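Survey of secondary and tertiary structure
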Amino acid sequence: MSKPAWTSALEQQLKDNPKSVTYAFSTLSSENKPKVRYVVHRGVTPSNILLTTTDTRMSKPAHLAHSPTVEIAWWIENTNVQFRITGQAYSLPLTTTAPEFPTIIKGLGLEGKEEGNAEWWEKKRKELWGSVSGHLRAGFGRPTPGKKLEEVEGSDKWPETIPAESDDPEESKTITNALDHFAIIAIKPEAVEYLELKPIPNRRTQWALQGDGSWQETKVAP
Ligand SMILES: Cc1cc2nc3c(=O)[nH]c(=O)nc-3n(C[C@H](O)[C@H](O)[C@H](O)COP(=O)(O)O)c2cc1C
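Report on the accompanying structure. From a predicted model like this one, the values you see are computed outputs, not experimental measurements.

Now for the overall build of the chain. When helices and strands are tallied, the chain shows 6 helices and 8 strands. For the chain, the N- to C-terminal ordering of α and β elements is α-β-β-β-α-β-β-α-α-α-α-β-β-β. Taking 17 Å as the expected radius of gyration for a compact globule of 222 residues, we find that the chain reaches 19 Å, a close match to that expectation. A buried classification covers 22% of the 222 residues belonging to the chain.

Below, the structure written as structure tokens:
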């Protein structure tokens, strides 16, 4: 199947604006309330699944388990364009042991594809673990995010940075504990809207995923 047209627009924008890697990511809480926060874009898979990462103990994984429907708003300041992407998202922690893995692969539409097996995701998770900063990695070994600070001891002793791997047994234990909390969030786009604010009149293009896997493109009034 040919590449959806929106991927070319996104790829070009990211190529021209390599620093524009954060987007607002909206989920639904268990009380069905919208929750939004910024995350860092960590790549696109061969099947056009968008990737970001999180701590398994944050709210996002629980929200996604409650409802996988998400929306992204991504403003690229320099070129003044916005992508609004609606889709289904799943959190993938240590995939080789996750009983829900087949359901996730089905939800992402990856059955029979390169990214359909657990080893692919575990390799990707380790690759992303190696690519983030040591400072960010250290955060995954700290006390549960969102816990009251007064209930947490020794914040002055938290490690500032940790390596991706180590031969030292003590450091290795610290890394394993942190890596256990490191999860990929995989987002399968189902509708994409591309708003271009530089041209006058502005342009707004929408793509919607069809039942047969093709994408229908509609240009709308901005
Ligand atoms: C620029 C920026 C980038 C961020 N990137 C991430 C990220 O990639 N993953 C993440 O879990 N949190 C990221 N955060 C923190 C989140 O916005 C949020 O505060 C945190 O994940 C807790 O959210 P939650 O409890 O709703 O899951 C980022 C924050 C900012 C301001």
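And the narrative resumes.
So, about the pairing of strand β3 (residues 50–55). Taking burial as the measure, the 6 residues of β3 include 5 buried ones, the bulk of the element. The pairing of β3 with strand β6 (residues 182–196) spans 6 bridges and is classified as antiparallel. Bridge pairing links Thr53 to Ile184 in β6.

Another point: the site of the ligand. Neighbouring the ligand are 13 residues, the closest being Arg37, Val39, Thr54, Met58 and Ser59. Among the elements of the structure, β2 (34–40), β3 and α2 (59–66) are those that each provide at least two residues to the shell around the ligand. Here the element with the most residues in the shell around the ligand is β2; it accounts for 5 residues. Considered class by class, the residues forming the shell around the ligand number 4 nonpolar, 5 polar and 4 charged.

Among the nonpolar cores identified, the biggest contains 31 residues, and Ala89, Tyr90, Leu92, Leu108, Ala186 and Ile187 are the most heavily contacted of them. Put simply, the parts of the chain that give this core at least two residues each are α1 (5–16), β1 (22–28), β4 (69–76), β5 (81–92), α3 (101–107) and β6. For this core, the element with the most residues is β6, which contributes 8 residues. If sequence neighbours within four positions are ignored, Ala89 has contacts with Leu64, Pro68, Val70, Ile185, Ala186 and Ile187.

Of the positions making up α2, those classed as buried are Lys60, His63 and Leu64. Down the axis of α2, the buried set is contained in an arc of 95°. They therefore lie on one face. Summarising the contacts, the buried residues of α2 are in contact with β1, β2, β3, β5 and β6.

Counting through the fold element by element, Thr97 comes out in the loop between β5 and α3. On the neighbour-count criterion, Thr97 (9 C-beta atoms within 10 Å) is exposed. Counting along the chain gives 21 residues from Thr97 to Ala118, while the straight-line C-alpha distance between them is 8.6 Å.

Each regular strand carries side chains that alternate between the two faces of the sheet. Where β1 meets β4, 3 bridges bridge the pair, whose relative direction is antiparallel. Within β4, the position partnered with Phe25 by the bridge is Ile72. As paired strands, β4 and β5 are joined by 8 bridges and run antiparallel to one another. Of the residues in β5, the one forming a bridge with Ile72 is Ile85.

A few words now on unusual backbone geometry. Apart from glycine, the bulk of residues carry a negative phi angle, and the bulk of peptide bonds sit in the trans form. For the bond running from Ile200 to Pro201, omega is -5°, close enough to zero to count as cis. You can see Pro201 is positioned in the loop between β6 and β7 (203–209). The backbone phi angle of Asn32 is positive, close to 60°, even though this residue is not glycine. With respect to the secondary-structure elements, Asn32 resides in the loop between β1 and β2. Its 8 C-beta neighbours within 10 Å are what place Asn32 among the exposed residues. Look at Asn48: it is not a glycine, yet its phi comes out positive at around 65°. As for its placement among the helices and strands, Asn48 is situated in the loop between β2 and β3. For Asn48, a count of 16 C-beta atoms within 10 Å translates into the label partly exposed.

Considering the arrangement of structural elements, one finds Lys113 in the loop between α3 and α4 (118–131). When the C-alpha positions of Lys113 and Asp16 are compared, they lie 30 Å apart, and in sequence the two are 97 residues distant.

Calculation rules
Residues numbered from 1 in each chain as written. Predicted model: local features only at pLDDT ≥ 70, side-chain atom pairs only at ≥ 80, totals over all residues. Helix = DSSP H or I, 4+ residues; strand = E, 2+ residues; numbered from the N terminus. Rg over C-alpha atoms; globule rule 2.2 N^0.38 Å. Buried ≥ 20, exposed ≤ 12 C-beta atoms within 10 Å, placed from the backbone. Pairing = 2+ DSSP bridges. Near = placed C-beta within 6 Å. Nonpolar A, V, L, I, M, F, W, Y, C, P; charged D, E, K, R; others polar. Core = buried A, V, L, I, M, F, W, Y, C linked by C-beta atoms within 7 Å. Contact = placed C-beta atoms within 7 Å. Arc of directions from axis to C-beta.

Nothing here speaks to function; it is all geometry.
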